[in-house]
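# Commentary on secondary and tertiary structure
Each chain is listed here by its residues.
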Amino acid sequence: MTIDVADRASLQEAVRDLLRSRCTEQDVRQVLAGDDGFDRDLWCRLAGQGVTGIVIAAEYGGVGLGAAELEAVAEETGAALLPSPFISSAVLTAALIQTAGTREDHQRLLPGLADGTAIGTVAVTGRAGTWTAEGVDVRADTHGRLTGSAHYVTDGQVADILLVAAQAPGGIGVYEVGTDATGVQRVAATVFDPSVRLSIVTFADTPARRLGTADWDAVQQALNLATIALAGEQCGGTRRIFEITIEYLKTRIQFGRPIGSFQALKHMAADLLLQVESSTSAAQNAASRWDDDPNTAAGAIALAGFACAEAYRDTTAAAIQMHGGIGFTWEHPAHLYLRRARTGLQLFGGPRLHRERYLQSKGA
């Protein structure tokens, strides 16, 4: 379900207001030093706004909105550098359950995700991090017991619901595994950006329950929606660090004048504005195409997948340079955005894979 532009703007504004009051730079830094990697009270407040159930059907406690609303909310979470399992739980896990699961699975798993009382994640890719069917390293035998490891599992340490893509007899299957099941081991990975927690999850003859008869197509559909959300976060972060940089250029005085009046910096700022607007257009177009027909949106999603990631990377790197010496200190927020941008380059396929898929969608 999609809503009109005014209602979408109201939803986005409500999320923005909450995050401006409860997810300041100081709040983010405090969360980074904690064990969970997110603020559970803020997560509950987001649940009250419908964010945790944004793509979950209303009959299971969600609000059942479309990708356009998801992308709009993601712009705000990205701008605020929200550390949370938003994409892991509210998008990737929720979408996969709705695509792969039976009605009983929906009734059992989705309400907890929708109201934020349960956190979900999906173990998809192996050590190589290809985010493709060929890159799945976990294997399932005919009895549904899992062996192997999954890497780059987002929010794996705090997840209550763990879904696993595994090489099964006949192809990829999706399995539900109890987080305390025999043979499951979750190890926190060393990360460049502590606001995005990653885990390595290993399985040793672990009992699991297969969700429906879903194959890799179901996993890819969920990854596509997660890519839209990630692109929204990336363009939101790109816009925010651009705004921070422009404000600095207006107020930093050198040689008796604002440094923003220097021609070289004017040209850099103009180039960054183009990155901001282009990435926003790409993310919003991908969401719109998904809402029109998910089966024909692959090219638009792939374009957003690489365009938004690279715009974020380039803008954060330039922002640090334009801030001069202060920009190179950990105390400046530019580094928080840079780390989030670099981490996003590796999630859900990365620019190289998305470029290949975009070319394939164009018949190249």
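Bear in mind that the values here come from a model prediction, so they are computed numbers and not experimental data.

## Some remarks on helix α4 (residues 67-79)
Across its 13 residues, α4 extends 18 Å between first and last C-alpha, which sits within 8% of the 18 Å expected from 1.5 Å per residue. With its phi angle positive at about 55°, Leu81 sits one or two positions after the end of α4.

## Examining the domain arrangement of the chain
Domain annotation for the chain reports domain 1 (5-115), domain 2 (120-215) and domain 3 (217-362). The straight-line distance from the C-alpha centre of domain 1 to that of domain 3 is 21 Å. Facing the 25 residues of domain 1 at the interface are 30 residues of domain 3. Note on domain 1 versus domain 3: buried area summed over both sides is about 2,200 Å², and carbon and sulfur give 70% of it. Of all residues in domain 1, the largest losses of buried area upon contact with domain 3 belong to Arg29, Leu81 and Ile87, amounting jointly to 26% of the total for that side. For the pair domain 1 and domain 3, the number of links is zero salt bridges. Summed over the shared surface of domain 1 and domain 3, the result is seven residue pairs in polar contact (both at pLDDT 80 or more). Elements represented by at least two residues in the side of domain 1 that touches domain 3 include exactly α2 (25-32), α4 and α5 (86-100). Here the side of domain 1 that touches domain 3 is composed, by residue class, of 17 nonpolar, four polar and four charged.

## A short note on α5
Along an α-helix, residues three or four positions apart point the same way, because every turn accommodates 3.6 residues. A rise of 1.5 Å per residue sets the reference length of α5, with its 15 residues, at 21 Å; its end C-alpha atoms lie 20 Å apart and thus fit the reference within 8%. Counting buried positions along α5 gives 13 out of 15 residues, so the element sits mostly inside the fold.

## Some thoughts on empty space enclosed by the protein
One pass over the full model with this rule turns up three cavities of 30 Å³ or more. In this model, the largest cavity occupies a volume close to 230 Å³. Residue lining of the largest cavity: 20 residues in total, with Ser84, Ile87, Val196, Glu233 and Arg340 positioned closest to the centre. Of the residues assigned to the lining of the largest cavity, the class counts are nine nonpolar, seven polar and four charged.

The rules behind each value
- For every chain, the first residue of the written sequence is number 1, and numbering continues from 1 onward in sequence order.
- Selection of residues for local features in this predicted model requires a pLDDT of at least 70, selection of side-chain atom pairs for listing and counting requires 80 or more, and totals for whole chains, interfaces and linings are taken over all residues.
- Only hydrogens and water are set aside when side-chain values are computed; all heavy atoms of the structure are taken into account.
- Counting from the N terminus, the helices are DSSP H or I runs at least four residues long and the strands are E runs at least two residues long.
- Multiply 1.5 Å by the residue count of a helix minus one, and that product is the helix's expected span.
- Domain delimitation follows an automatic or database domain assignment.
- Should any heavy atoms of two residues lie within 4.5 Å, those residues are considered in contact.
- The term buried area means the drop in 1.4 Å probe accessible area that two parts suffer when joined, counted for both and summed.
- Every case where a carboxyl oxygen of Asp or Glu lies within 4 Å of a side-chain nitrogen of Lys or Arg is listed as a salt bridge.
- Polar contact is the term for a pair of N or O atoms within 3.5 Å; when the atoms are in protein, one must be able to donate a hydrogen and the other to accept it, and sequence-neighboring residues count only if both atoms are side-chain atoms.
- Gly is put with the polar residues, along with every residue not named as nonpolar or charged; the nonpolar set is Ala, Val, Leu, Ile, Met, Phe, Trp, Tyr, Cys and Pro, and the charged set is Asp, Glu, Lys and Arg.
- Exposure is judged per residue with a 1.4 Å probe applied to protein chains only, and the accessible area is read against the type maximum: over 50% gives exposed, under 20% gives buried, and values in between give partly exposed.
- In this analysis the probe radius is 1.4 Å and the grid spacing 1 Å, with only protein atoms considered; a cavity is a set of points the probe fits into but cannot get out of, a pocket is an open set with protein on both sides within 12 Å along at least five of seven lines, and lining residues have an atom within 4 Å of a point.
- Grid points are joined across faces, edges and corners, and a volume is the space filled by probe spheres set on the points.

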